[in-house]
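The residues making up each chain are set out below.
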Amino acid sequence: MARLNLWRWGVLALAGLYFLVPLAASVVFTVDVPGQGITFDAYTQIFATDGFVSSLLLSLELALATIVVVLLLMVPAMVALRLGAPRLRPVVEVVCSLPLVVPPIAFVAGIGTVLKWGPDHLSRTPLFETFVAIQNPDFPFVLVLAYVVMALPFVYRALDAGLRAVDVRTLVEAARSCGAGWPQALLQAVLPNLRGALLNASFLTLALVLGEFTVAQLLGFRPFAVWIVNVSGSQAQLSVAVSVLSLLVTWVLLLVLAGFGGRTRPTSRG
């Protein structure tokens, strides 16, 4: 048993070094300026840099919209699949896994082709205004649609794991026997027992949106990830400092999520 624990601690130590050494090197690069010594100017300049606040707010807005849309799409579908059509589960699993197979370049090329095709063929129809509206630079809803597709594999896995741990049929039948309708049974009986799965799906979607670069760059928009790359061309230390800060914020969110899920677990069992 002691030997097994030693191996576990060894693996954890190697994993910690694998992640912490590059992070430490990045921090040293941002604070150690040749000729000036240790300075934190790269971090103090982040909030004053042009485009930082607007790009970060845009990414957070896109993430929130993506989370709402993908959960509204997937939660009812997954519950209905588990209750009424369990044989279709392999089909849905394959469909939701397709974004992992299609390269982002091919995906965004298809989106760009559709966006270019729309104005040429729909200029005299009401749909033309829709094509213009979803490409508004202030809030490009086309990115939300793209991110929903890209988040499907992660959201599906998170919700599927949560539904496997819950007797959905019994919960719904109990709620229906008490006079609740289908929406009420879903909101008050099923969703409270899927809190952990919903949080996991939301966090994975948030991480995806904050870190996605290819689709946004090729479509000509400038969320947070694109802003970091653009800044890195002229201000290397600042871009690395922003990356370190965003990574630390992501870790804090992950720890908060893990702690929240750990506190809610005993309650759900009771």
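Structure: see above.
Residues numbered from 1 in each chain as written. Predicted model: local features only at pLDDT ≥ 70, side-chain atom pairs only at ≥ 80, totals over all residues. Heavy atoms only, no water.

Engineer: Pulling in residues and values, what's your account of the overall build of the protein?
Structural biologist: In terms of helices and strands, the protein carries 13 helices and two strands. Looking at the protein as a whole, 35% of its 270 residues qualify as buried. Considering only residue pairs separated by 6 or more positions, the protein has 77% of its internal contacts joining residues 24 or more positions apart. Within the structure as shown, the protein displays about 16,300 Å² of accessible surface, and the carbon and sulfur contribution to it stands at 69%. (Helix = DSSP H or I, 4+ residues; strand = E, 2+ residues; numbered from the N terminus. Buried < 20%, exposed > 50% of the residue type's maximum accessible area, 1.4 Å probe, protein only. Contact = heavy atoms within 4.5 Å. Areas by Shrake-Rupley, 256 points an atom, 1.4 Å probe, with all protein chains shown as cover.)

Engineer: Help me get a handle on the packing of aromatic side chains, residues and values and all.
Structural biologist: In total, this model carries four aromatic pairs according to the counting rule given. Taking 5.3 Å as the distance between ring centres and 90 degrees as the angle between the ring planes, the aromatic pair formed by Tyr18 and Phe19 counts as edge-to-face. This pair shows no difference in class: Tyr18 is exposed, exactly as Phe19 is. Each residue in the set Phe52, Phe224 and Trp227 is aromatic and connected to the rest through ring pairs, giving one cluster. (Phe/Tyr/Trp six-rings, centres within 6.5 Å; stacked < 30°, edge-to-face > 60°.)

Engineer: Residues and numbers for the environment of Val149, please.
Structural biologist: Relative to the helices and strands, Val149 resides in helix 7 (residues 141-164). Here Val149 falls in the partly exposed class, since its relative accessible area comes to 32%. For Val149 and Leu100, which are 49 residues apart along the polypeptide, the C-alpha to C-alpha distance reads 10.0 Å. What Val149 contacts, discounting residues up to four positions off in sequence, is Pro99 and Phe107.

Engineer: How would you explain the packing of helix 7 against helix 10 (residues 195-211) if you had to name every residue and give the values?
Structural biologist: Contact geometry for helix 7 and helix 10: axes closest at 8 Å, N-to-C directions at 155 degrees. As the angle between them shows, helix 7 and helix 10 are arranged roughly antiparallel. In this structure, the crossing between helix 7 and helix 10 has a hand that is right-handed. Touching Tyr147, Met150, Ala151, Phe154, Val155, Ala158, Leu159 and Gly162 of helix 7 are Ala197, Leu198, Asn200, Ala201, Leu204, Thr205, Leu208 and Val209, all from helix 10. Its residues assigned to classes, the contact of helix 7 with helix 10 shows 13 nonpolar, three polar and no charged. (Axes fitted to C-alpha atoms, helices over the stretch in contact; angles between N-to-C directions. Parallel < 35°, antiparallel > 145°, perpendicular 65-115°, else oblique. Left-handed = near helix turned anticlockwise from the far one by under 90°. Nonpolar A, V, L, I, M, F, W, Y, C, P; charged D, E, K, R; others polar.)

Engineer: Any chance you could break down the pattern of salt bridges for me, citing the residues and the numbers?
Structural biologist: Following the criterion strictly, the structure yields four salt bridges and no others. Asp160 is paired through a salt bridge with Arg89; the nearest N and O atoms lie 2.9 Å apart. With Asp160 in helix 7 and Arg89 in helix 4 (residues 89-101), the pair connects residues that are 71 residues apart, well separated along the chain. The class for Asp160 is buried, based on a relative accessible area of 8%. By relative accessible area, Arg89 is classed as partly exposed at 23%. Where Glu93 meets Arg157, a salt bridge forms, and the shortest distance between an N and an O atom there is 2.9 Å. Linking Glu93 in helix 4 with Arg157 in helix 7, this pair joins segments that are 64 residues apart in sequence. (Salt bridge = Lys/Arg side-chain N within 4 Å of Asp/Glu carboxyl O.)

Engineer: Which residues make up helix 7, and what values do they have?
Structural biologist: The end-to-end C-alpha separation of helix 7 is 33 Å, in line with the 34 Å expected for 24 residues at 1.5 Å each. At Leu152, helix 7 shows its largest bend, some 50 degrees, and a proline, Pro153, comes one to four positions later. Within helix 7, 17 of the 24 residues are buried, which leaves the element mostly enclosed by the surrounding structure. (Expected span 1.5 Å × (residues − 1). Bend = angle between axes of the 7 residues up to and from the residue.)

Engineer: Summarise the packing of helix 3 (residues 52-84) against helix 10; cite the residues concerned and give the values.
Structural biologist: Helix 10 packs onto helix 3 with a crossing angle of 140 degrees between their chain directions and a minimal axis gap of 9 Å. In terms of their interaxial angle, helix 3 and helix 10 are classed as oblique. The handedness of the crossing between helix 3 and helix 10 is right-handed. Residues Ser59, Leu60, Leu62, Ala63, Thr66, Ile67, Val70, Leu71 and Val75 of helix 3 pack against Leu198, Ala201, Ser202, Thr205, Leu206, Val209 and Leu210 of helix 10. Residues of the contact of helix 3 with helix 10, tallied by class, amount to twelve nonpolar, four polar and no charged.

Purely geometric stuff here, so don't read any function into it on its own.
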